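Observations on the three-dimensional arrangement
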Amino acid sequence: MDPELMKALTEKMKDVTFTMGEIQGILFPATTCEIWDQIYNFQAREDDILISTFPKAGTTWMQEIVDLIILNGDVERSMRAPCFVKVPFIEINVKPIPSGVEAANAMESPRLLKTHLPIQLVPPSFWEKNVKVIYFARNAKDCMVSFFHFQRMNKVLPDPGTWNEYFSTFLSGNIAWGSWFDHVIGWWKAKNKHQILYLFYEDMKEDPKREIRKISKFLGKNLTEEALNTICHHTLFDTMKENPMANFSVLPSFIFDQSISPFMRKGKVGDWKNHFLVAQNIIFDEVYKKKMEGSGLHFRTEL
Ligand code: A3P
(Lines give C-alpha, C1' and ligand atoms only; values in the text may rest on other atoms or scores of the structure.)
Protein backbone atom coordinates (compact mmCIF):
# COMPACT_ATOMS: atom_id res chain seq x y z
CA MET A 1 0.00 0.00 0.00
CA ASP A 2 1.15 3.55 -0.73
CA PRO A 3 3.20 4.71 2.37
CA GLU A 4 1.44 8.11 2.55
CA LEU A 5 -1.97 6.47 2.47
CA MET A 6 -0.82 3.94 5.06
CA LYS A 7 0.31 6.75 7.39
CA ALA A 8 -2.98 8.61 7.01
CA LEU A 9 -4.89 5.39 7.56
CA THR A 10 -2.91 4.52 10.69
CA GLU A 11 -3.68 7.95 12.15
CA LYS A 12 -7.34 7.68 11.25
CA MET A 13 -7.77 4.17 12.67
CA LYS A 14 -6.31 5.13 16.06
CA ASP A 15 -9.43 6.84 17.30
CA VAL A 16 -12.10 5.47 15.06
CA THR A 17 -14.83 3.16 16.24
CA PHE A 18 -16.76 1.68 13.40
CA THR A 19 -20.48 1.71 13.85
CA MET A 20 -23.32 0.29 11.84
CA GLY A 21 -26.22 2.05 10.17
CA GLU A 22 -29.28 0.94 8.21
CA ILE A 23 -30.53 1.25 4.67
CA GLN A 24 -34.13 0.09 4.19
CA GLY A 25 -33.88 -2.00 7.35
CA ILE A 26 -30.61 -3.70 6.41
CA LEU A 27 -27.42 -3.23 8.42
CA PHE A 28 -24.34 -1.73 6.76
CA PRO A 29 -21.20 -0.06 8.04
CA ALA A 30 -22.21 3.51 8.95
CA THR A 31 -19.66 4.86 6.46
CA THR A 32 -21.58 3.11 3.67
CA CYS A 33 -24.84 4.67 4.85
CA GLU A 34 -23.20 8.12 4.89
CA ILE A 35 -22.63 8.01 1.12
CA TRP A 36 -25.66 5.92 0.22
CA ASP A 37 -26.93 8.42 -2.37
CA GLN A 38 -23.63 8.21 -4.24
CA ILE A 39 -23.71 4.42 -4.11
CA TYR A 40 -27.31 4.08 -5.29
CA ASN A 41 -26.71 6.58 -8.09
CA PHE A 42 -23.55 4.80 -9.22
CA GLN A 43 -23.23 4.87 -13.01
CA ALA A 44 -22.60 1.43 -14.44
CA ARG A 45 -21.18 1.02 -17.95
CA GLU A 46 -22.38 -1.48 -20.55
CA ASP A 47 -19.18 -3.49 -20.52
CA ASP A 48 -18.89 -3.75 -16.71
CA ILE A 49 -18.97 -7.18 -15.13
CA LEU A 50 -20.44 -7.31 -11.64
CA ILE A 51 -19.64 -10.05 -9.13
CA SER A 52 -22.31 -10.25 -6.48
CA THR A 53 -22.24 -12.38 -3.34
CA PHE A 54 -23.43 -12.57 0.22
CA PRO A 55 -20.31 -11.91 2.36
CA LYS A 56 -17.97 -14.91 2.67
CA ALA A 57 -19.47 -16.81 -0.25
CA GLY A 58 -16.13 -16.87 -2.08
CA THR A 59 -16.12 -13.39 -3.62
CA THR A 60 -12.33 -13.13 -3.79
CA TRP A 61 -12.10 -16.56 -5.38
CA MET A 62 -14.62 -15.54 -8.07
CA GLN A 63 -12.82 -12.23 -8.61
CA GLU A 64 -9.55 -14.02 -9.35
CA ILE A 65 -11.26 -16.47 -11.67
CA VAL A 66 -13.09 -13.81 -13.68
CA ASP A 67 -10.06 -11.54 -13.87
CA LEU A 68 -8.01 -14.45 -15.24
CA ILE A 69 -10.73 -15.37 -17.75
CA ILE A 70 -10.72 -11.81 -19.07
CA LEU A 71 -6.92 -12.00 -19.29
CA ASN A 72 -7.00 -15.37 -21.11
CA GLY A 73 -5.13 -16.95 -18.20
CA ASP A 74 -2.27 -14.42 -18.07
CA VAL A 75 -1.15 -14.94 -14.46
CA GLU A 76 1.49 -12.22 -14.53
CA ARG A 77 -1.07 -9.55 -15.47
CA SER A 78 -3.51 -10.87 -12.90
CA MET A 79 -0.85 -10.13 -10.25
CA ARG A 80 -0.75 -6.43 -11.24
CA ALA A 81 -2.47 -5.27 -8.04
CA PRO A 82 -4.19 -6.62 -4.92
CA CYS A 83 -7.66 -8.04 -5.53
CA PHE A 84 -9.38 -5.16 -3.70
CA VAL A 85 -7.67 -2.64 -6.01
CA LYS A 86 -8.33 -4.56 -9.24
CA VAL A 87 -12.01 -4.96 -8.37
CA PRO A 88 -13.69 -1.94 -6.75
CA PHE A 89 -16.20 -2.82 -4.05
CA ILE A 90 -19.09 -0.51 -4.89
CA GLU A 91 -20.52 0.09 -1.41
CA ILE A 92 -17.33 0.20 0.65
CA ASN A 93 -16.17 3.47 2.17
CA VAL A 94 -13.18 3.45 4.53
CA LYS A 95 -11.58 6.87 4.40
CA PRO A 96 -8.88 7.91 3.56
CA ILE A 97 -8.88 5.01 1.08
CA PRO A 98 -10.92 6.05 -2.01
CA SER A 99 -14.47 4.72 -1.71
CA GLY A 100 -15.60 1.94 -4.04
CA VAL A 101 -17.57 4.46 -6.08
CA GLU A 102 -14.55 6.76 -6.43
CA ALA A 103 -12.25 3.87 -7.35
CA ALA A 104 -14.69 2.56 -9.95
CA ASN A 105 -15.29 6.01 -11.45
CA ALA A 106 -11.56 6.46 -11.86
CA MET A 107 -11.13 3.10 -13.57
CA GLU A 108 -10.89 2.54 -17.30
CA SER A 109 -13.30 0.13 -18.96
CA PRO A 110 -13.79 -2.78 -19.02
CA ARG A 111 -14.28 -2.88 -15.26
CA LEU A 112 -14.78 -5.81 -12.94
CA LEU A 113 -16.83 -4.72 -9.92
CA LYS A 114 -17.88 -6.29 -6.64
CA THR A 115 -20.96 -5.92 -4.47
CA HIS A 116 -22.63 -7.64 -1.53
CA LEU A 117 -25.83 -5.65 -1.95
CA PRO A 118 -29.15 -7.47 -1.78
CA ILE A 119 -30.94 -7.30 -5.12
CA GLN A 120 -33.36 -4.52 -4.13
CA LEU A 121 -30.51 -2.16 -3.28
CA VAL A 122 -28.42 -2.63 -6.42
CA PRO A 123 -27.89 0.71 -8.22
CA PRO A 124 -30.52 0.78 -11.02
CA SER A 125 -27.95 1.76 -13.67
CA PHE A 126 -26.68 -1.85 -13.62
CA TRP A 127 -30.07 -2.96 -14.95
CA GLU A 128 -30.47 0.02 -17.28
CA LYS A 129 -27.12 -0.85 -18.89
CA ASN A 130 -27.94 -4.58 -18.93
CA VAL A 131 -24.66 -5.39 -17.18
CA LYS A 132 -23.59 -9.03 -16.89
CA VAL A 133 -23.67 -10.22 -13.28
CA ILE A 134 -22.15 -13.34 -11.77
CA TYR A 135 -23.87 -14.26 -8.52
CA PHE A 136 -21.83 -16.68 -6.43
CA ALA A 137 -23.76 -18.40 -3.65
CA ARG A 138 -22.47 -20.54 -0.79
CA ASN A 139 -24.44 -22.67 1.66
CA ALA A 140 -25.57 -20.79 4.77
CA LYS A 141 -23.85 -23.03 7.32
CA ASP A 142 -20.37 -22.53 5.87
CA CYS A 143 -21.11 -18.84 5.22
CA MET A 144 -22.05 -18.41 8.86
CA VAL A 145 -18.84 -20.03 10.12
CA SER A 146 -16.71 -18.06 7.68
CA PHE A 147 -18.41 -14.75 8.54
CA PHE A 148 -18.00 -15.44 12.27
CA HIS A 149 -14.23 -15.82 11.89
CA PHE A 150 -14.09 -12.87 9.51
CA GLN A 151 -15.84 -10.59 12.00
CA ARG A 152 -13.32 -11.65 14.64
CA MET A 153 -10.43 -10.44 12.52
CA ASN A 154 -12.00 -7.58 10.53
CA LYS A 155 -11.71 -4.39 12.55
CA VAL A 156 -14.18 -2.57 10.31
CA LEU A 157 -17.08 -4.83 11.35
CA PRO A 158 -18.59 -5.41 14.81
CA ASP A 159 -17.13 -8.06 17.09
CA PRO A 160 -19.25 -11.20 16.55
CA GLY A 161 -19.38 -12.23 20.24
CA THR A 162 -19.26 -15.92 21.05
CA TRP A 163 -20.10 -18.57 18.48
CA ASN A 164 -23.40 -19.25 20.28
CA GLU A 165 -24.32 -15.59 20.16
CA TYR A 166 -23.32 -15.29 16.52
CA PHE A 167 -25.37 -18.33 15.57
CA SER A 168 -28.55 -16.51 16.67
CA THR A 169 -27.47 -13.17 15.20
CA PHE A 170 -26.79 -14.71 11.79
CA LEU A 171 -30.12 -16.54 11.73
CA SER A 172 -31.98 -13.35 12.70
CA GLY A 173 -30.42 -11.55 9.71
CA ASN A 174 -29.31 -8.76 12.00
CA ILE A 175 -25.82 -8.67 10.52
CA ALA A 176 -23.97 -6.59 7.97
CA TRP A 177 -25.62 -6.91 4.54
CA GLY A 178 -28.69 -8.51 6.13
CA SER A 179 -30.27 -11.92 5.92
CA TRP A 180 -28.47 -14.67 4.00
CA PHE A 181 -31.89 -16.14 3.13
CA ASP A 182 -33.28 -12.94 1.63
CA HIS A 183 -30.03 -12.38 -0.26
CA VAL A 184 -29.77 -15.73 -2.02
CA ILE A 185 -33.52 -15.93 -2.72
CA GLY A 186 -33.74 -12.32 -3.93
CA TRP A 187 -30.97 -12.84 -6.47
CA TRP A 188 -32.35 -16.25 -7.48
CA LYS A 189 -35.75 -14.74 -8.31
CA ALA A 190 -34.12 -12.01 -10.38
CA LYS A 191 -31.86 -14.30 -12.37
CA ASN A 192 -34.13 -14.63 -15.39
CA LYS A 193 -35.03 -10.95 -15.53
CA HIS A 194 -31.45 -9.78 -16.09
CA GLN A 195 -28.15 -11.16 -17.40
CA ILE A 196 -27.33 -13.06 -14.20
CA LEU A 197 -25.27 -16.23 -14.05
CA TYR A 198 -26.07 -17.88 -10.70
CA LEU A 199 -23.32 -20.21 -9.51
CA PHE A 200 -22.53 -22.15 -6.34
CA TYR A 201 -19.34 -22.38 -4.27
CA GLU A 202 -19.94 -26.09 -3.74
CA ASP A 203 -20.09 -26.71 -7.53
CA MET A 204 -16.88 -24.75 -8.01
CA LYS A 205 -15.15 -26.86 -5.35
CA GLU A 206 -16.47 -30.04 -6.96
CA ASP A 207 -15.41 -29.27 -10.52
CA PRO A 208 -13.69 -25.91 -11.07
CA LYS A 209 -13.03 -26.55 -14.75
CA ARG A 210 -16.70 -27.16 -15.48
CA GLU A 211 -17.75 -23.99 -13.65
CA ILE A 212 -14.99 -21.86 -15.20
CA ARG A 213 -16.18 -23.01 -18.63
CA LYS A 214 -19.70 -21.83 -17.75
CA ILE A 215 -18.35 -18.39 -16.82
CA SER A 216 -16.24 -18.15 -19.99
CA LYS A 217 -19.27 -18.98 -22.10
CA PHE A 218 -21.39 -16.40 -20.26
CA LEU A 219 -18.71 -13.77 -20.89
CA GLY A 220 -18.32 -14.78 -24.52
CA LYS A 221 -14.71 -15.92 -24.07
CA ASN A 222 -13.25 -18.93 -25.78
CA LEU A 223 -10.38 -20.18 -23.66
CA THR A 224 -7.76 -22.68 -24.74
CA GLU A 225 -7.36 -25.85 -22.70
CA GLU A 226 -4.01 -24.54 -21.52
CA ALA A 227 -5.52 -21.25 -20.29
CA LEU A 228 -8.28 -23.17 -18.51
CA ASN A 229 -5.74 -25.37 -16.74
CA THR A 230 -3.68 -22.33 -15.73
CA ILE A 231 -6.76 -20.60 -14.29
CA CYS A 232 -7.73 -23.74 -12.37
CA HIS A 233 -4.28 -24.02 -10.86
CA HIS A 234 -3.87 -20.35 -10.04
CA THR A 235 -7.23 -20.17 -8.27
CA LEU A 236 -6.81 -23.26 -6.11
CA PHE A 237 -7.20 -22.45 -2.42
CA ASP A 238 -3.58 -23.40 -1.66
CA THR A 239 -2.25 -21.23 -4.50
CA MET A 240 -4.37 -18.22 -3.55
CA LYS A 241 -3.44 -18.57 0.12
CA GLU A 242 0.19 -17.95 -0.88
CA ASN A 243 -0.62 -15.17 -3.36
CA PRO A 244 -0.05 -11.75 -1.70
CA MET A 245 -2.31 -10.14 -4.31
CA ALA A 246 -5.19 -12.38 -3.27
CA ASN A 247 -4.67 -13.17 0.44
CA PHE A 248 -5.05 -9.60 1.80
CA SER A 249 -1.61 -9.77 3.48
CA VAL A 250 -0.93 -6.29 2.09
CA LEU A 251 -3.71 -4.85 4.29
CA PRO A 252 -2.42 -3.65 7.67
CA SER A 253 -3.31 -5.71 10.73
CA PHE A 254 -5.36 -2.87 12.22
CA ILE A 255 -7.86 -3.55 9.43
CA PHE A 256 -7.57 -7.34 8.98
CA ASP A 257 -5.81 -8.97 11.92
CA GLN A 258 -4.83 -12.24 10.27
CA SER A 259 -3.09 -13.43 13.46
CA ILE A 260 -6.66 -13.90 14.81
CA SER A 261 -7.95 -15.70 11.70
CA PRO A 262 -6.43 -15.77 8.22
CA PHE A 263 -8.48 -14.39 5.34
CA MET A 264 -7.76 -17.59 3.40
CA ARG A 265 -8.97 -19.66 6.32
CA LYS A 266 -9.98 -23.17 5.19
CA GLY A 267 -11.75 -22.91 1.86
CA LYS A 268 -13.80 -26.07 2.41
CA VAL A 269 -17.34 -27.31 2.07
CA GLY A 270 -18.58 -28.67 5.40
CA ASP A 271 -16.39 -26.87 7.94
CA TRP A 272 -19.68 -26.01 9.71
CA LYS A 273 -19.54 -29.53 11.18
CA ASN A 274 -16.61 -28.39 13.30
CA HIS A 275 -18.70 -25.54 14.77
CA PHE A 276 -22.39 -26.43 14.87
CA LEU A 277 -23.62 -28.13 18.03
CA VAL A 278 -26.15 -30.92 17.47
CA ALA A 279 -28.94 -28.71 18.87
CA GLN A 280 -27.89 -25.78 16.70
CA ASN A 281 -28.04 -27.96 13.63
CA ILE A 282 -31.61 -28.98 14.46
CA ILE A 283 -32.66 -25.36 14.99
CA PHE A 284 -30.89 -24.28 11.82
CA ASP A 285 -32.51 -26.98 9.69
CA GLU A 286 -35.97 -25.98 10.94
CA VAL A 287 -35.47 -22.30 10.18
CA TYR A 288 -33.89 -23.17 6.83
CA LYS A 289 -36.83 -25.32 5.79
CA LYS A 290 -39.33 -22.56 6.56
CA LYS A 291 -37.38 -19.77 4.91
CA MET A 292 -36.41 -21.67 1.76
CA GLU A 293 -39.75 -23.38 1.16
CA GLY A 294 -41.01 -22.83 -2.36
CA SER A 295 -37.90 -20.93 -3.44
CA GLY A 296 -36.75 -23.68 -5.80
CA LEU A 297 -33.24 -23.05 -4.56
CA HIS A 298 -31.10 -25.94 -3.31
CA PHE A 299 -27.76 -25.85 -1.53
CA ARG A 300 -25.37 -28.63 -0.70
CA THR A 301 -23.72 -28.51 2.72
CA GLU A 302 -21.32 -31.36 2.01
CA LEU A 303 -19.73 -32.88 -1.05
P1 A3P B 1 -13.50 -19.88 4.78
O2 A3P B 1 -13.52 -18.82 5.86
O3 A3P B 1 -14.58 -20.90 4.95
O4 A3P B 1 -12.16 -20.50 4.62
P5 A3P B 1 -15.06 -13.87 0.49
O6 A3P B 1 -13.99 -13.71 -0.51
O7 A3P B 1 -16.45 -13.75 -0.04
O8 A3P B 1 -14.82 -13.02 1.69
O9 A3P B 1 -15.03 -15.39 0.97
C10 A3P B 1 -13.98 -15.89 1.75
C11 A3P B 1 -14.14 -17.38 1.87
O12 A3P B 1 -13.79 -17.97 0.60
C13 A3P B 1 -13.19 -17.98 2.90
O14 A3P B 1 -13.84 -19.16 3.39
C15 A3P B 1 -12.00 -18.31 2.02
O16 A3P B 1 -11.11 -19.25 2.58
C17 A3P B 1 -12.72 -18.88 0.80
N18 A3P B 1 -11.86 -18.93 -0.39
C19 A3P B 1 -11.07 -17.96 -0.89
N20 A3P B 1 -10.38 -18.41 -1.95
C21 A3P B 1 -10.76 -19.69 -2.14
C22 A3P B 1 -10.39 -20.70 -3.09
N23 A3P B 1 -9.48 -20.48 -4.03
N24 A3P B 1 -10.99 -21.91 -2.97
C25 A3P B 1 -11.90 -22.15 -2.01
N26 A3P B 1 -12.28 -21.25 -1.08
C27 A3P B 1 -11.72 -20.02 -1.15
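Structure: above.
Here the structure is a predicted model, which means the values were calculated and not measured.

1. What to know about the site of the ligand
Within the structure, the ligand sits among 18 residues, and Thr59, Thr60, Ser146, Tyr201 and Lys266 are positioned closest to it. At a separation of 3.4 Å, a nitrogen atom of the ligand approaches a polar backbone atom of phenylalanine 237. Its free accessible area being 570 Å², the ligand has 97% of it covered by the protein chains. Of all the elements in the fold, those that place two or more residues in the shell around the ligand are helix H4 (59-70) and helix H15 (237-241). By residue number, the principal contributor to the shell around the ligand is H4, which donates three residues. The class makeup of the residues in the shell around the ligand is eight nonpolar, six polar and four charged.

2. Some remarks on the pairing of strand S4 (residues 112-115)
Two faces, one strand: in a regular strand the side chains alternate between the faces of the sheet. Residue alternation in S4 divides its side chains into two sets, Leu112 and Lys114 and Leu113 and Thr115, and both sets are buried. Pairing analysis gives four bridges linking strand S3 (residues 49-53) to S4, with the strands arranged parallel. Its bridge partner lying in S4, leucine 50 is registered against leucine 113.

3. A closer look at the packing of aromatic side chains
Here a ring pair, both rings aromatic, is described through the centre-centre distance and the interplanar angle of the planes. With the rule as written, the count across this model stands at 38 aromatic pairs. Measuring from ring centre to ring centre gives 6.5 Å for phenylalanine 147 and phenylalanine 150, while their planes differ by 35°; the resulting arrangement is tilted. Here phenylalanine 147 pairs with phenylalanine 150, and both are found in helix H9 (residues 140-153), just three residues apart, close to one helical turn. Residue class for phenylalanine 147 comes out buried when judged on its relative accessible area of 0%.

4. Looking at the pairing of strand S2 (residues 26-29)
Relative to S2, strand S1 (residues 20-23) runs antiparallel, the two sharing four bridges. By the bridge assignment for S2, glutamate 22 is matched with leucine 27. The antiparallel hairpin formed by S1 and S2 contains two residues in its connecting segment, where glutamine 24 sits at a positive phi of about 45°.

5. Structural notes on the environment of isoleucine 283
Relative to the assigned elements, isoleucine 283 resides in helix H16 (residues 278-292). Given the relative accessible area of 43%, isoleucine 283 is considered partly exposed. The spacing of isoleucine 283 and serine 168 is 115 residues in sequence and 9.9 Å in space, taken between C-alpha atoms. If we ignore the near neighbours within four places in the chain, the residues touching isoleucine 283 are Phe167 and Leu171.

6. Here's the deal with the pattern of salt bridges
As enumerated under the stated definition, the model contains 16 salt bridges in all. Here lysine 86 and glutamate 64 are joined by a salt bridge, their closest N and O atoms 3.0 Å apart. Of this pair, lysine 86 sits in helix H6 (residues 83-86) while glutamate 64 sits in helix H4; the two residues are 22 residues apart in sequence, bridging distant segments of the chain. The class of glutamate 64 is buried, set by a relative accessible area of 0%.

Calculation rules
- Residues numbered from 1 in each chain as written.
- Predicted model: local features only at pLDDT ≥ 70, side-chain atom pairs only at ≥ 80, totals over all residues.
- Heavy atoms only, no water.
- Near = heavy atom within 4 Å.
- Polar contact = N/O pair within 3.5 Å; in protein donor to acceptor, adjacent residues only side chain to side chain.
- Areas by Shrake-Rupley, 256 points an atom, 1.4 Å probe, with all protein chains shown as cover.
- Helix = DSSP H or I, 4+ residues; strand = E, 2+ residues; numbered from the N terminus.
- Nonpolar A, V, L, I, M, F, W, Y, C, P; charged D, E, K, R; others polar.
- Buried < 20%, exposed > 50% of the residue type's maximum accessible area, 1.4 Å probe, protein only.
- Pairing = 2+ DSSP bridges.
- Phe/Tyr/Trp six-rings, centres within 6.5 Å; stacked < 30°, edge-to-face > 60°.
- Contact = heavy atoms within 4.5 Å.
- Salt bridge = Lys/Arg side-chain N within 4 Å of Asp/Glu carboxyl O.

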